[in-house]
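Read off the chains here:
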Amino acid sequence: MATLILVRHGRSTANTSGVLAGRTPGVALDERGTAQAAALPGRLARVPLAAVVSSPLQRCRETVRPLLDARPGLPLHVEDRINECDYGDWSGRKLAELMDEPLMKVVQAHASAAAFPGGESMRAMQARAVDAVHDWNARIEAGHGEDAAYVMCTHGDIVKALVADALGLHLDLFQRIQADPCSVTAIRYTPLRPFLLRLGDTGDLDALAPHESADGGGAAEVGGGAGAP
């Protein structure tokens, strides 16, 4: 099946101000985030891409814009199911202030029991994102073949929840996973199991390009194939 290249959006104005942005409109990339987004096309230059799928929020759209500009004709699809978690009444509040909320301990240690006041549960967030990935895997493979790769630009908690699912980890363990701004996480899906190829990568991504086989032809799978070291 397809290779999913997860990109967390670049650093945002909310990241630098210590605010839990959630779905608050108007949260843009800051200067560093803009530079991170500008570097993304070069990092992925050798990786053939079938499509870009993005969260509807501004910071994700800004992150993938340089990649789309560098590859005219690469289609962009907006997917609501990979939107940021709906933090409800917590949206727009300072993270330092939220640390005093009893629910924050639940979010950190028992995420499967956490539901945000006026928002959604973390279980629901993971379920919708996993459904979106499986649907897009099937769509990409049907249109571009089983060796195709595509970019999905989303948010930190979504990335961590998808990695936990791919590794067979309980959602309660997902806070042990790190996804920095504009980091790349690559997951190769197969009929039997997913393989984590990259986690939170902020550097060179040439190894995700198809390898050359011994006879000079292209390898069958992106990233060296499922199970490759």
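Residues numbered from 1 in each chain as written. Predicted model: local features only at pLDDT ≥ 70, side-chain atom pairs only at ≥ 80, totals over all residues. Heavy atoms only, no water.

Trainee: Explain the pairing of strand β5 (residues 184–189) to me, and be specific about the residues and the numbers.
Mentor: Side-chain direction in a regular strand flips from residue to residue, so the side chains alternate between the two faces of the sheet. Here β5 lies mainly inside the structure; six of its six residues are buried. The alternating pattern of β5 places V184, A186 and R188 and T185, I187 and Y189 on opposite faces, both of which are buried. Two strands pair when backbone bridges link them, and strand β1 (residues 3–8) and β5 are joined in this way by five bridges, in the antiparallel orientation. Within β5, the position partnered with I5 by the bridge is A186. Hairpin connection from β5 to strand β6 (residues 194–201): four residues lie between these consecutive antiparallel strands. (Buried < 20%, exposed > 50% of the residue type's maximum accessible area, 1.4 Å probe, protein only. Helix = DSSP H or I, 4+ residues; strand = E, 2+ residues; numbered from the N terminus. Pairing = 2+ DSSP bridges.)

Trainee: Provide a residue-level description of the side chain of T154, including the pertinent values.
Mentor: Along the chain, the position of T154 falls in strand β4 (residues 149–154). A polar side-chain atom of T154 sits 2.8 Å from the main-chain carbonyl oxygen of I82. When neighbours within four sequence positions are excluded, T154 is seen to be in contact with L6, V7, R8, H9, S55, C60, I82 and V159. (Polar contact = N/O pair within 3.5 Å; in protein donor to acceptor, adjacent residues only side chain to side chain. Contact = heavy atoms within 4.5 Å.)

Trainee: Quick one: what's the story with the sheet that holds β6, residue by residue and with numbers?
Mentor: Taking strand neighbours across the sheet as the criterion, the six strands line up as β3-β2-β4-β1-β5-β6 in an open arrangement whose pairing is mixed. Strand pairing shows two members of the sheet lacking a second neighbour, β3 (76–78) and β6, which therefore form its edges. Ignoring strand direction, the axes of neighbouring strands in this sheet form an average angle of 20°. Here strand β2 (residues 52–54) pairs with β4 via three bridges, running parallel. Bridging from a neighbouring strand, V52 pairs with V151 of β4. (Axes fitted to C-alpha atoms, helices over the stretch in contact; angles between N-to-C directions.)

Trainee: Break down a nonpolar patch on the surface for me, citing the residues and quoting the values.
Mentor: On the surface, L167, L169, L196 and L199 cluster together to form a nonpolar patch covering roughly 300 Å² of accessible area. Inspection of the secondary structure assignment puts L199 in strand β6. (Patch = residues over 30% accessible without salt bridge, like charges linked within 9 Å, V, L, I, M, F, W, Y side chains within 5 Å. Areas by Shrake-Rupley, 256 points an atom, 1.4 Å probe, with all protein chains shown as cover. Salt bridge = Lys/Arg side-chain N within 4 Å of Asp/Glu carboxyl O.)

Trainee: So what's going on with the packing of aromatic side chains? Which residues, and what values?
Mentor: Applying the stated criterion across every chain yields a total of two aromatic pairs. On the numbers, 5.0 Å between centres and 90° between planes, the contact of Y87 with F116 is edge-to-face. Of this pair, Y87 sits in the loop between β3 and α4 (95–98) while F116 sits in the loop between α5 (102–109) and α6 (122–144), placing them 29 residues apart in sequence. Across the pair, exposure class does not vary: Y87 and F116 are buried alike. Seen in terms of ring centroids, W90 and F116 are 5.3 Å apart; in terms of plane orientation they differ by 65°. Their pairing is edge-to-face. Taken together, the positions of W90 in the loop between β3 and α4 and F116 in the loop between α5 and α6 put the pair 26 residues apart, joining distant regions of the chain. F116 sits in the buried class, given a relative accessible area of 4%. Each residue in the set Y87, W90 and F116 is aromatic and connected to the rest through ring pairs, giving one cluster. (Phe/Tyr/Trp six-rings, centres within 6.5 Å; stacked < 30°, edge-to-face > 60°.)

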